[in-house]
Amino acid sequence: MDYDEVMGLEITLKVGCPNNCDYCPQGILQSRYRGPREFTLESFRRCIEQGQVPVRRNLTFMGAGEPLLCRDAVPIIRWATLERGHQGSLSTTLRGATREMVDGLTGMPFTDTIIHVPDALGEMHFNPDDAWCDVFEYAIGRWRRHRHFVISVYGPPHPRVAPIWERSGVPFVNFGLHDRSGLVPQGATHQHLQPSTRPVPVPLCGKMFCGHLFPNGELYRCCSDYALENCWGNLNETTYLDCYRGQAFRDYMQSLTDPSADPRCRHCNDGYHSINPEDRGKTYENPCPRDGEE
């Protein structure tokens, strides 16, 4: 599958995820986030259109919480992919989803469709009931022809999930846990996560040039920035590309080459993701060229 081949602008459609998984530091995110808790179709269109997000930039509907808990999730995703023309990626636990929502997302031009299911160890704090199991089995039937459709779990699957999964024949994928650049406390998950210290200069990563968009319009470093430490700008006030031409982003990129600096990317144990074709000419010194320079 192309999970590590195409990076996209990460989208958190709603802040505040009831799954509260052990491997997602929701507490620090919710203590620091300010602004609207979820996108509406109108506010999302404004960010993407007025922010001039290039259509060539994939949109990853995953973010720091369950996307389908956003009331406008389906119209937002359909507008972005079918009307504006972005390719997209969806990762969902199906928390809050209905059969009608599954139907609305069937046939989308996703590069990846991932259903992330509850585990047997309780690290996703969600016990699947009859209604969820029904939607899960229905979604498998409707989405199994999506390009790169997989079911993922961290650890062994929940006992109610396993038989449905086994009957489906859909590939098993475990992407592996990581500690959000040191934000997940050690011992919080069943897999011991070793602290990571990367060499200098920190290798360039596809996620460095994509960002993570929240409902208040703010664009942050990547999907590991639960602490909201590195904001490049606000798409309600400036454009997507100008966020990457600003001083905050340039200073951060320079810190990746400074042995005395301690940027979060030095402590990322998620590995380094392939850089998209449109970003491969970017450097530490010129991380977001002006129009005509790319």
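Small disclaimer: the values here were computed from a predicted structure and weren't measured.

Asker: Describe in detail helix H8 (residues 247–255), supporting the description with residues and values.
Answerer: Taken together, the buried positions of H8 are occupied by Phe249, Tyr252, Met253 and Ser255. Relative to the axis of H8, the buried residues are bounded by an arc of 155° and lie together on one face. Tucked inside the fold, the buried residues of H8 contact strand E9 (231–234) and helix H7 (240–245).

Asker: Pulling in residues and values, what's your account of the environment of His148?
Answerer: Looking at the element boundaries, His148 is found in the loop between helix H5 (130–143) and strand E5 (149–152). Considered as a pair, His148 and Val184 are 36 residues apart in the sequence and their alpha carbons are 29 Å apart.

Asker: Tell me about the nonpolar core, and name the residues and values.
Answerer: Core analysis: the biggest nonpolar cluster contains 81 residues, and Phe44, Phe61, Leu94 and Phe136 have the highest contact counts within it. Residue contributions to this core peak at seven residues, all from H5. With residues near it in sequence (within four places) discarded, Phe61 still touches Ile11, Leu13, Phe44, Pro67, Ile76, Ile77, Ala80, Ser89, Leu90 and Ser91.

Asker: Go over the sheet that holds E9 with me, naming the residues and quoting the values.
Answerer: Pairing within the open sheet is mixed, and its nine strands lie in the order E6-E5-E4-E3-E2-E1-E7-E8-E9. Both outer strands of the open sheet, strand E6 (172–173) and E9, are each paired with one neighbouring strand and no more. Sheet strands touched by helix H3 (residues 73–83): strand E2 (58–61), strand E3 (88–92) and strand E4 (110–116). Its angle to E2, the strand with the most contacts, is close to 165°.

Asker: Can you break down the pattern of salt bridges residue by residue, with the values?
Answerer: Pairing between side chains of opposite charge can happen when the charged atoms of each approach one another. Counted under the stated rule, the structure contains 12 salt bridges. Between Lys282 and Asp279 there is a salt bridge; the shortest N-O distance is 2.7 Å. Accessibility classification places Lys282 together with Asp279 in one group, the buried group. A cluster of three or more residues bridged by salt bridges with shared partners is formed by Arg57, Glu278, Asp279 and Lys282.

Asker: Go over the packing of aromatic side chains, please, and point to the residues and values.
Answerer: What the rule picks out here adds up to 13 aromatic pairs. Both rings, one in Trp232 and one in Phe249, keep their centres 5.2 Å apart while their planes meet at 75°; by these two values the pair is edge-to-face. A residue pair is termed long-range when its members are at least 10 positions apart, and Trp232 in strand E9 and Phe249 in helix H8 qualify at 17 residues. Using a relative accessible area of 8% as the deciding quantity, one classes Trp232 as buried. When its relative accessible area of 1% is taken as the criterion, Phe249 is described as buried. Geometrically, the ring pair formed by Tyr240 and Tyr244 is edge-to-face, given 5.3 Å between the ring centres and 70° between the ring planes. Residue Tyr240 and its partner Tyr244 are both found in helix H7; the two are separated by four residues, about one turn of the helix.

Quick notes on the rules
- Residues numbered from 1 in each chain as written.
- Predicted model: local features only at pLDDT ≥ 70, side-chain atom pairs only at ≥ 80, totals over all residues.
- Heavy atoms only, no water.
- Buried < 20%, exposed > 50% of the residue type's maximum accessible area, 1.4 Å probe, protein only.
- Helix = DSSP H or I, 4+ residues; strand = E, 2+ residues; numbered from the N terminus.
- Arc of directions from axis to C-beta.
- Contact = heavy atoms within 4.5 Å.
- Core = buried A, V, L, I, M, F, W, Y, C linked by side-chain atoms within 4.5 Å.
- Pairing = 2+ DSSP bridges.
- Axes fitted to C-alpha atoms, helices over the stretch in contact; angles between N-to-C directions.
- Salt bridge = Lys/Arg side-chain N within 4 Å of Asp/Glu carboxyl O.
- Phe/Tyr/Trp six-rings, centres within 6.5 Å; stacked < 30°, edge-to-face > 60°.

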